[in-house]
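# Structural characterization, general
So you can see what is in the structure, the chains are spelled out below.
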Amino acid sequence: MAGNTFGNIFKLSTFGESHGAAIGGVLDGCPSGIEIDLEAIQNELDRRKPGQSAIVTQRKEPDTVEFYSGIFEGKTTGTPIGFAIHNTNQKSKDYSHIKDSYRPSHADYVYDQKYGFRDYRGGGRSSARETASRVVAGAIAKQFLSGIEINAFVSQVGTMKLETPYQELDFSNIEKNPVRCADMEMASRMEDYIKEIRKEGDTIGGVITCVAKNVPIGLGEPVFDKLHAELGKAMLSINAVKGFEYGSGFEGVQMKGSQHNDQFNQDGSTKTNYSGGIQGGISNGMDIYFNVAFKPVATLIQPYETIDRDGNTVQTQGKGRHDPCVVPRAVPIVEAMTALVLADYTLLNRTIKGKE
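Okay, so let's go over this structure. (Residues numbered from 1 in each chain as written. Predicted model: local features only at pLDDT ≥ 70, side-chain atom pairs only at ≥ 80, totals over all residues. Heavy atoms only, no water.)

Let us now look at the packing of helix H1 (residues 38-48) against helix H7 (residues 327-349). In a packed pair of helices, the relevant descriptors are the angle between the two axes and the axis-to-axis distance. Contact geometry of H1 with H7 gives a least axis separation of 7 Å together with a crossing angle of 140°. The angle between H1 and H7 places the two elements in the oblique class. Each of Glu44, Arg47 and Arg48 in H1 lies in contact with H7, whose residues at this interface are Arg329, Val331, Pro332, Ile333 and Glu335. Classifying every residue of the contact of H1 with H7 gives 3 nonpolar, no polar and 5 charged. (Axes fitted to C-alpha atoms, helices over the stretch in contact; angles between N-to-C directions. Helix = DSSP H or I, 4+ residues; strand = E, 2+ residues; numbered from the N terminus. Parallel < 35°, antiparallel > 145°, perpendicular 65-115°, else oblique. Contact = heavy atoms within 4.5 Å. Nonpolar A, V, L, I, M, F, W, Y, C, P; charged D, E, K, R; others polar.)

This is how it looks when you write it as structure tokens:
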């Protein structure tokens, strides 16, 4: 299987399956001498881990990370940073009913067709549990990018959409509610709605908005490696993501060019920011902001019809412990992938001749 590595210089390779012994990764290219706050890394994992509230999967995993290399006396050594998170609460029998059949809108069928063999326990390698490794690496990237602020929050669940511009929101509210919405009133409504959906044995999708502040001018390459293209790839690599838009996004098509152009101030900043902090594929120093759309979780705890390996129609029902809405736990994943991209492009910038 190819495609288990992300990044050019600040490079992460992950390993492991949902119900295997452990998941983990190797982070290569991290500069030496970076002070590492292990507690902050664990805090990021705690934001993503299962069982943290009544509106997420009730799988109980401590998600404690163990580092094996690359960190000495609290600082990075410049060598590969190896780490693992051991799985402790697998219930593989919950998936025995799909050993020979395929769940709709999952990777089951295409894995069998591509590889001729699959780990059906929780989706194996295709499980969103793999993203815990990204959160570890992203937490290290955040510490490398100490001057850059990255905040993601849930801005939509189903049809419930937060219309308040991000500039008017208090990001300190994000961790004060289980939905991780930056508006407390909307968060309460979203939480009640997710609970209703869960009682029905159904799921619902949502949108996460991410804002990166204090990003320096010059990150990104102007042709194939545009900064927004890499951010889009990073977000679309996250399980259940169906869409990515930055800046004015799809709403921008309704505007005239005279309205959409970001006029300059004398210091080079812009009066508006429809560009989303990126122009010509390169960061311009303004806030980078984007939306990431997540589909409803594909596993339903209700009867449904599907096919088995022989093409026969069979009746089955979802079992196990699953999220009724993925976005509350996906907030730290979106932040982590943003940090990985910005760290990688920061290091790429240092390779340009004449750059200090």
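To continue, consider the sheet that holds strand E2 (residues 11-16). As summarised here, the arrangement of the 5 strands in space is E1-E2-E3-E7-E4, forming an open sheet in which the pairing is antiparallel. The sheet terminates laterally at strand E1 (5-6) and strand E4 (65-67), the two strands that pair on one side only. Here E2 runs beside strand E3 (residues 22-28); their pairing, made up of 6 bridges, is antiparallel. When the bridges of E3 are listed, Leu12 appears paired with Leu27. Sheet strands in contact with helix H3 (residues 131-144) are E2, E3, E4 and strand E7 (81-86), and its direction is about 140° off that of E7. (Pairing = 2+ DSSP bridges.)

It is worth spelling out the layout of surface pockets at this point. Over the atoms a probe the size of a water molecule is rolled, and this reveals where empty space is left. The calculated volume of the second largest pocket comes to roughly 900 Å³. Taken together, 31 residues form the lining of the second largest pocket, with Lys161, Glu245, Gly247, Tyr289 and Asn291 sitting closest to its centre. Mapped by element, the contributors of at least two residues to the lining of the second largest pocket are strand E8 (149-157), strand E10 (206-213), strand E11 (241-246) and strand E14 (288-294). Of all the elements, E14 adds the most residues to the lining of the second largest pocket, at 5 residues. The residue inventory of the lining of the second largest pocket, partitioned by class, reads 14 nonpolar, 12 polar and 5 charged. (1 Å grid on protein atoms, 1.4 Å probe; cavity = no way out; pocket = protein on both sides within 12 Å on 5 of 7 lines; lining within 4 Å. Points joined across faces, edges and corners; volume = space filled by probe spheres on them.)

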